[in-house]
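So you can see what is in the structure, the chains are spelled out below.
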Amino acid sequence: MKNQLKVLRAQHGMTQEDLSQQLGVSRQAVNALETEKHSPSLDLAYRIAAVFDLPIDQIFESPYEKPRKNGRLK
Amino acid sequence: MTALSPSHLSQDQIRRQYVIRSSLFLAGYVAVNMAAIFGAFDDAKPRGAIALALVVAAPLAGHIWALLAYMRDADEFMRAVMARRFIVSSGITMALTCAWGFMESYAQAWHAPGFLMYPLFWLVHGAVSPFIRSSN
């Protein structure tokens, strides 16, 4: 899932290790999030949002467009 | 800022716990096998021999428990990656052992002892792990 994690982390002057400790996950997990090798659970997404004090949709880019006429997500 | 971890242990502590538990169980496995190799159980009666076989296997069950406990306590990314590696390794090991079993039945291949399945599983696990590094 595309995200702004690397940018936000750099803006806050944090290393992957720093962020992993605040989130209570491994450094590998932070790296996997940044390189889009892992899509976070809702719980982890909320923890990340709490660390940066931002809404989730400003950190993670929704992979879905607005519903089309038939109501199905693209 | 407060850590937002749901666990009271850090990921490093959880990993260390797994390494210690695994080392203890595998040391037990080696110790019982060494004792058997050097004849400590040579005079065991049939019932004793069955007990010995179970005692040798018990540390391996303990090792699997240590791994499952690690998966339970690890963060969601590590848990997902470990689960994928475990499933793929188990599948390949089962396919290989089944294939070998049929080769024994139909192609007179030499008999492979069942206890080789455990080291084979870890061998396969080691081979597939570098290729499974994503949870997606």
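Taking an unreviewed UniProt entry as the reference, chain A is identified by name as Transcriptional regulator belonging to Brevifollis gellanilyticus.

Some thoughts on the packing of helix α2 (residues 16-23) of chain A against helix α3 (residues 27-34) of chain A
Residues and elements named next belong to chain A. As a packed pair, α2 and α3 sit with axes 8 Å apart at the nearest point and diverge in direction by 110°. By the criterion of interaxial angle, the relationship of α2 to α3 is roughly perpendicular. On α3, the residues touching Q16, E17, L19 and S20 of α2 are R27, A29, V30 and N31. Residues belonging to the contact of α2 with α3 are distributed by class as follows: three nonpolar, three polar and two charged.

Structural notes on the interface of chain B and chain A
Note: interface size is frequently given as the accessible area lost on complex formation between the parts. Taken residue by residue, the interface counts 15 residues in chain B and 17 residues in chain A. Across the side of chain B that touches chain A, the residue classes tally to six nonpolar, six polar and three charged.

A short note on the nonpolar core
Counting 17 residues, the largest nonpolar core has A29 and I48 of chain A together with F77 of chain B as the members making the most contacts within it. For F77 of chain B, the residues in contact, after removing those within four places along its chain, are V25, S26, Q28, A29, A32 and H38 of chain A together with S135 of chain B.

Let's talk about the UniProt feature "transmembrane region" (unreviewed entry) in chain B
Residues and elements named next belong to chain B. With numbering matched to this structure, UniProt assigns "transmembrane region" (unreviewed entry) to residues 18-41, 47-70, 82-103 and 115-132. Structurally, residues 47-70 is divided into 100% helix and 0% strand, and its ends, taken at the C-alpha atoms, are 35 Å apart. The span residues 115-132 shows a helical share of 67% and a strand share of 0%, and its end C-alpha atoms are spaced 26 Å apart.

Re the domain arrangement of chain B
Residue and element names in this part refer to chain B. Considered domain by domain, chain B is made up of domain 1 (10-74) and domain 2 (75-136). Distance between the C-alpha centres of domain 1 and domain 2: 19 Å. The interface is formed by four residues belonging to domain 1 together with six residues belonging to domain 2. Here the side of domain 1 that touches domain 2 is composed, by residue class, of three nonpolar, one polar and no charged.

The rules behind each value
- Residues numbered from 1 in each chain as written.
- Chains lettered and ligands numbered in written order.
- Predicted model: local features only at pLDDT ≥ 70, side-chain atom pairs only at ≥ 80, totals over all residues.
- Axes fitted to C-alpha atoms, helices over the stretch in contact; angles between N-to-C directions.
- Helix = DSSP H or I, 4+ residues; strand = E, 2+ residues; numbered from the N terminus.
- Parallel < 35°, antiparallel > 145°, perpendicular 65-115°, else oblique.
- Contact = placed C-beta atoms within 7 Å.
- Nonpolar A, V, L, I, M, F, W, Y, C, P; charged D, E, K, R; others polar.
- Core = buried A, V, L, I, M, F, W, Y, C linked by C-beta atoms within 7 Å.
- Buried ≥ 20, exposed ≤ 12 C-beta atoms within 10 Å, placed from the backbone.
- UniProt positions renumbered as here; feature names shortened; annotations may be inferred.
- Domains from an automatic or database assignment.

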